[in-house]
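Listed below, chain by chain, are the residues.
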Amino acid sequence: MTAFLDNILGGLALGSVYALVALGFVVIFKASGVLNFAHGSLLLFGGYLTAVLHDDLGFAGALALAVLATAALAGVLDRFLLQRGGQDAHSAHVQTIVTIGVDIVLLTDLSRRIGGDLLSLGDPWGDSVTELGPLTVADSRLAAIVVSALVIGAVFALFRFTAWGLSLRAAAEDLEAAALMGVRLSRVRAGAWCLAGALAALAAVFLAAFPAPGLERTTGQIALNAFPAAILGGLASPAGALAGSMIIGLTEALVVGYQSDLHVLGEGFGDVAPYAVMLLVLLVRPTGLFGAKGTARV
């Protein structure tokens, strides 16, 4: 029973981090219709900056600068590379392909810089643990749950109570109608990309924290497990991204925790379990758990 509860708590912590990344996918898609396949590289960029700056600036200063720099990089990529292709549905498909090229360029450069090293981000939790009854929990996991809950709550408040959030929701419903009503789509897009970049940089801290060995060049690929979480919940639904992330996080933690009992599925089944769950759900709900069927005027 203790092992089961430990896996559940680990899954909630992992799902909380995945939610930060999945929200990035969703907010970009709502604002522009683009699937950002460079999201994992942006996360790695933010983590790398935190790792190389924390000795000089301290953890808080390095993280703040990394979040701002990653948000700025995401905004620059959208403004000066992607938006030049237009903002209609066909352009969104082309821009999605462009993000694959951006990912290759960023990942190649960052992999060269990181090499085979394991980089510490200097987080204040280190390898400390907390006793919760029969459970021994890493402080980094508790921090991941608390920080993610606060940040996600702030993001949902941003969607609900600000003019930018209203503009984002209007653009997600109908780009042309939103533009006719005076919504500046370029600003909405820029804000969405910057927000997604900031969330990715924050998520890097918890993906590299104990019990993980540190930041490595494959950390960005691990973050892409949040992609099936976004698809699972419904790509245009922030609430769906949150629910999908929890499902994916719990699934991955339980599969890894009970790997010895699931050996018939193969040694690395935990790596593909998120995608297996996504496929099973999409067979029943093609639009995702919270997705709505589109309508077309004929």
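Note that the structure is predicted; figures quoted are calculated from it, not measured.

**So, the packing of helix α1 (residues 2-32) against helix α7 (residues 185-208)**
Logical step 1: Between α1 and α7, whose axes approach to 9 Å, the crossing angle comes to 165 degrees. If you check the angle between α1 and α7, you find them roughly antiparallel. As for how α1 packs across α7, the hand of that crossing is left-handed. Contacts between α1 and α7 involve L14, V17, L20, V21, L23, G24, V27, I28, A31 and S32 from the former and V188, R189, A192, W193, L195, A196, L199, L202, A203, F206 and L207 from the latter.
Logical step 2: Among the residues forming the contact of α1 with α7, the class breakdown is 18 nonpolar, two polar and one charged.

**Comments concerning the UniProt feature "transmembrane region" (unreviewed entry) in the chain**
Logical step 1: When the UniProt feature table is mapped to this numbering, "transmembrane region" (unreviewed entry) covers residues 12-29, 34-51, 57-77, 142-161, 190-210, 222-248 and 272-292.
Logical step 2: Within residues 34-51, the helical portion is 72% and the strand portion 0%, while the C-alpha atoms at the span's ends are 29 Å from each other.
Logical step 3: Secondary structure over residues 190-210 splits into 90% helix and 0% strand, and the C-alpha atoms at its two ends are 33 Å apart.

**Some thoughts on the pairing of strand β1 (residues 129-132)**
Logical step 1: Bridge count between β1 and strand β2 (residues 135-138): four bridges; the pairing is antiparallel. Within β2, the residue paired with T130 across the bridge is V137.
Logical step 2: In this antiparallel pair of consecutive strands, β1 and β2, the connection spans two residues, and G133 shows a positive phi of 65 degrees.

**Let's talk about a nonpolar patch on the surface**
Logical step 1: A surface patch of nonpolar side chains, about 210 Å² in accessible area, is lined by L81, V94 and V98.
Logical step 2: With respect to the helices and strands, the residue V98 is situated in helix α3 (residues 89-114).
Logical step 3: Note on V98: relative accessible area 30%, which makes it partly exposed.

**Here we look at the packing of α1 against helix α10 (residues 238-257)**
How two helices pack is summed up by the angle between their axes together with the distance between the axes.
Logical step 1: It is at 6 Å that the axes of α1 and α10 come closest, and there the two elements cross at 145 degrees. The handedness of the crossing between α1 and α10 comes out as right-handed.
Logical step 2: For the contact of α1 with α10, the residue count by class is 17 nonpolar, eight polar and two charged.

**As for the environment of V34**
Logical step 1: Position of V34 relative to the elements: it lies in the loop between α1 and α2 (39-82).
Logical step 2: For the pair V34 and S91, spaced 57 residues apart in sequence, the C-alpha to C-alpha distance is 8.9 Å.
Logical step 3: When near neighbours in sequence (up to four residues on either side) are disregarded, V34 contacts I28, F29, A92, Q95, T96, T99, R189 and W193.

**Brief notes about the packing of aromatic side chains**
Logical step 1: Counted under the stated rule, the structure contains six aromatic pairs.
Logical step 2: Ring plane angle 50 degrees and centroid distance 5.6 Å describe the contact between F37 and F227, whose orientation is recorded as tilted. Of the two residues, F37 is situated in the loop between α1 and α2 and F227 in helix α9 (residues 226-233); the sequence distance between them amounts to 190 residues.
Logical step 3: Judged by its relative accessible area of 29%, F37 falls in the partly exposed class.
Logical step 4: Ring pairing ties together the aromatic residues F25, F37 and F227, which thus form one cluster.

**A short note on the environment of E216**
Logical step 1: Mapped onto the elements of the fold, E216 is located in the loop between α7 and α8 (219-223).
Logical step 2: On the basis of relative accessibility, which here comes to 27%, the residue E216 falls in the partly exposed class.
Logical step 3: Each C-alpha atom of the pair E216 and L44 lies 8.4 Å from the other, and the pair is 172 residues apart in sequence.
Logical step 4: Setting aside chain neighbours within four positions, we find E216 in contact with L44, I114, D117 and L118.

Rules of the game
Residues numbered from 1 in each chain as written. Predicted model: local features only at pLDDT ≥ 70, side-chain atom pairs only at ≥ 80, totals over all residues. Heavy atoms only, no water. Axes fitted to C-alpha atoms, helices over the stretch in contact; angles between N-to-C directions. Helix = DSSP H or I, 4+ residues; strand = E, 2+ residues; numbered from the N terminus. Parallel < 35°, antiparallel > 145°, perpendicular 65-115°, else oblique. Left-handed = near helix turned anticlockwise from the far one by under 90°. Contact = heavy atoms within 4.5 Å. Nonpolar A, V, L, I, M, F, W, Y, C, P; charged D, E, K, R; others polar. UniProt positions renumbered as here; feature names shortened; annotations may be inferred. Pairing = 2+ DSSP bridges. Patch = residues over 30% accessible without salt bridge, like charges linked within 9 Å, V, L, I, M, F, W, Y side chains within 5 Å. Areas by Shrake-Rupley, 256 points an atom, 1.4 Å probe, with all protein chains shown as cover. Salt bridge = Lys/Arg side-chain N within 4 Å of Asp/Glu carboxyl O. Buried < 20%, exposed > 50% of the residue type's maximum accessible area, 1.4 Å probe, protein only. Phe/Tyr/Trp six-rings, centres within 6.5 Å; stacked < 30°, edge-to-face > 60°.

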